[in-house]
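# Chain and residue survey
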Amino acid sequence: MSNEDRALFVESIAEMRELKGELHEFKIHVTERFQRLEKNEGQKHRDSFTIAALLISAGMLALNFITKLH
């Protein structure tokens, strides 16, 4: 193997390591983003459930007042 081949080989390995590092950072970024999106989706679901529970409670309270008046 000539010196040029060795230099090219070392350069290629260095570039592959750099790409591997970039891919690792990208993977971490994408994973964190998915986790944030899932958390936000869960929060929206809880908010919807809370609003529905409040509406049902308000309806039951109104019904209770109506039945007490008669």
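The structure this text deals with has already been given above.
Presented here is an overview of the structure given in this document. (Residues numbered from 1 in each chain as written. Predicted model: local features only at pLDDT ≥ 70, side-chain atom pairs only at ≥ 80, totals over all residues. Heavy atoms only, no water.)

## A word on the overall build of the protein chain
In terms of regular secondary structure, the protein chain is built from one helix and zero strands. For 70 residues, the compact-globule estimate of 2.2 N^0.38 gives 11 Å, and the C-alpha radius of gyration of the protein chain, at 30 Å, exceeds that figure by more than 25%. Along the three orthogonal principal directions, the C-alpha set of the protein chain runs to about 100 × 10 × 5 Å. Residues classed as buried in the protein chain amount to 0% of the 70 residues present. Accessible surface, the protein chain: about 7000 Å² in total, of which carbon and sulfur atoms supply 64%. Across the protein chain, the mean location of the 10 positive side-chain charges is 15 Å away from that of the 11 negative side-chain charges. (Helix = DSSP H or I, 4+ residues; strand = E, 2+ residues; numbered from the N terminus. Rg over C-alpha atoms; globule rule 2.2 N^0.38 Å. Buried < 20%, exposed > 50% of the residue type's maximum accessible area, 1.4 Å probe, protein only. Areas by Shrake-Rupley, 256 points an atom, 1.4 Å probe, with all protein chains shown as cover. Lys, Arg positive; Asp, Glu negative; His and termini not counted. Charge placed at Lys NZ, Arg CZ, Asp CG, Glu CD.)

## As for a negative patch on the surface
A surface patch of negative charge is lined by Glu11, Glu15, Glu18, Glu22 and Glu25. Turning to its location among the elements, Glu11 is positioned in helix H1 (residues 3-69). (Patch = residues over 30% accessible without salt bridge, like charges linked within 9 Å, V, L, I, M, F, W, Y side chains within 5 Å. Salt bridge = Lys/Arg side-chain N within 4 Å of Asp/Glu carboxyl O.)

## Quick look at the environment of Met1
Mapped onto the elements, Met1 comes out in the segment before H1. The exposure class assigned to Met1 is exposed, which follows from its relative accessible area of 70%.

## Comments concerning a nonpolar patch on the surface
Taken together, the side chains of Ile56, Met60 and Leu63 present a nonpolar region at the surface, about 320 Å² in accessible area. As for its position among the elements, Met60 is in helix H1. Of the residues examined, Met60 reaches a relative accessible area of 52% and is grouped as exposed.

## Quick look at the environment of Leu54
Residue placement: Leu54 occurs in helix H1. Taking the C-alpha atoms as reference points, Leu54 and Glu4, separated by 50 residues in sequence, lie 74 Å from one another.

## Examining the environment of Ala53
Note that Ala53 resides in helix H1. Along the chain, Ala53 and Met1 lie 52 residues apart, while their C-alpha atoms are 75 Å from each other.

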